[in-house]
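Examining the three-dimensional arrangement
Read off the chains here:
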Amino acid sequence: MMKASHAPRKRDGSLRTALVDAGVDLLRMRGPDGLSLRECAAMAGVSHAAPGYHFKNLMGLSTAIAARGFMLFCEAMLKRLDKAGPQPLDRLTAICHGYLDYASEQPDLFLFIFSGQTFNEDDNDICMWSNRAYDILSEVCAPLVPEGSSGREIEILVWSLVHGYAHLSMTRKKKNPQLEDEWPDLDPLLIHLKKALQPGNRKVS
C-alpha cells in the first residue's frame, strides 16, 4: 500500500479536488466496490484522516465522484449542443451524440452514476449537476412534444433509446467483440426516432 506524506491540510479546495481525482482513478481501477477513503488518501498523498474533513464517510466520497460524473456528462452534451444547428431535431441529435461520447470516454463514471446505488440526496453538487443533466434533455425535447401530450413522455422515450443504446453497446461489445462489425451506428436509429417525432406523425390518441 502506498504511504501518505503527511502534508499540511489544504484549505483552498484543492485537497477535496485531489481526493475526488483519486476516487475517480480508484473507481476506474477497481470498480465501485473497490472505493476506499484510506486508499484515496494514500493516492492523494495525505493522511488517512484527511478525507473525513470533506466526505465524513464512503457515501460522501461516492457522492462527490458521482457529482463529478454528472458534471462531465453535462459538459459532453453541451459540447455537442453548442455546435448544433437551430432545428429541434438537430439539437436532439446533438445531445444524443454527447450522451454517447460520455459513455464511450468515461465508461466507469457512466456506469457509476446510473448504477442505482444510493448517494447523498442533500449534497448540493450532485443535486445541481444531476438536475442540470435532465434539464438539458427536457429543454431539447420541449419543441418536439405534441400539443396536449406530456413532455415527460417524449423525454423518457429519448432517454430510454439513447441510454439503452449506450449501455448495450458497451456491455455487449465487451462480451462479444465480434458484434463490432454488425452493431448499428446511433444515427440510423435516430432517423426512426426523428420520423416518429415529425409533426405529421405526432398524433395524440
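Above this note sits the structure.
Our subject in this report is the structure included herewith. Since we're looking at a predicted model, the values are computed, not measured. (Residues numbered from 1 in each chain as written. Predicted model: local features only at pLDDT ≥ 70, side-chain atom pairs only at ≥ 80, totals over all residues. Heavy atoms only, no water.)

1. Observations regarding the packing of aromatic side chains
- Following the criterion strictly, the structure yields 11 aromatic pairs and no others.
- The interplanar angle of 85° and the centroid separation of 5.8 Å between the aromatic rings of F73 and F114 together place this pair among those described as edge-to-face. Residue F73 is located in helix 4 (residues 58-82), and its partner F114 is located in the loop between helix 6 (107-113) and helix 7 (124-141); the two are separated by 41 residues in the primary sequence.
- According to the relative accessible area criterion, F73 is buried, its value standing at 4%.
- Assessed through its relative accessible area of 27%, F114 is described here as partly exposed. (Phe/Tyr/Trp six-rings, centres within 6.5 Å; stacked < 30°, edge-to-face > 60°. Helix = DSSP H or I, 4+ residues; strand = E, 2+ residues; numbered from the N terminus. Buried < 20%, exposed > 50% of the residue type's maximum accessible area, 1.4 Å probe, protein only.)

2. Some thoughts on the pattern of salt bridges
- Counted under the stated rule, the structure contains six salt bridges.
- For D25, the salt bridge goes to R28, with nearest N and O atoms at 3.9 Å. One end of the pair, D25, and the other, R28, are both in helix 1 (residues 14-30), three residues apart, so they sit about a helical turn from each other.
- The partner of R152 in a salt bridge is E155, with the nearest N and O atoms 3.2 Å apart. Here the residue R152 and the residue E155 both occupy positions in helix 8 (residues 151-175), the gap between them amounting to three residues, near one helical turn. (Salt bridge = Lys/Arg side-chain N within 4 Å of Asp/Glu carboxyl O.)

3. Thoughts on helix 1
- For helix 1, built from 17 residues, the straight-helix expectation of 24 Å at 1.5 Å per residue is met to within 8% by its first-to-last C-alpha distance of 24 Å.
- Among all positions in helix 1, only L15, L19, V20, A22, G23, V24, L26 and L27 are buried.
- Buried residues belonging to helix 1 abut helix 2 (37-44), helix 3 (51-54), helix 4 and helix 6. (Expected span 1.5 Å × (residues − 1). Contact = heavy atoms within 4.5 Å.)

4. Remarks on the packing of helix 1 against helix 4
- At a closest axis distance of 9 Å, the pairing of helix 1 and helix 4 adopts a crossing angle of 85°. On the basis of the axis angle, helix 1 is roughly perpendicular to helix 4. Touching R16, T17, L19, V20, D21, G23, V24 and L27 of helix 1 are L61, A64, I65 and R68, all from helix 4. (Axes fitted to C-alpha atoms, helices over the stretch in contact; angles between N-to-C directions. Parallel < 35°, antiparallel > 145°, perpendicular 65-115°, else oblique.)

5. As for the nonpolar core
- By size, the foremost hydrophobic cluster in this structure holds 56 residues, and its most contacted members are I65, F73, L92 and V158.
- Within the residue set of this core, elements represented by two or more residues are helix 1, helix 2, helix 4, helix 5 (88-105), helix 6, helix 7, helix 8 and helix 9 (186-197).
- Sorting elements by how many residues they give to this core places helix 4 first, with 11 residues.
- Filtering out sequence-adjacent residues up to four positions away, F73 remains in contact with Y99, Y102, I113, F114 and A133. (Core = buried A, V, L, I, M, F, W, Y, C linked by side-chain atoms within 4.5 Å.)

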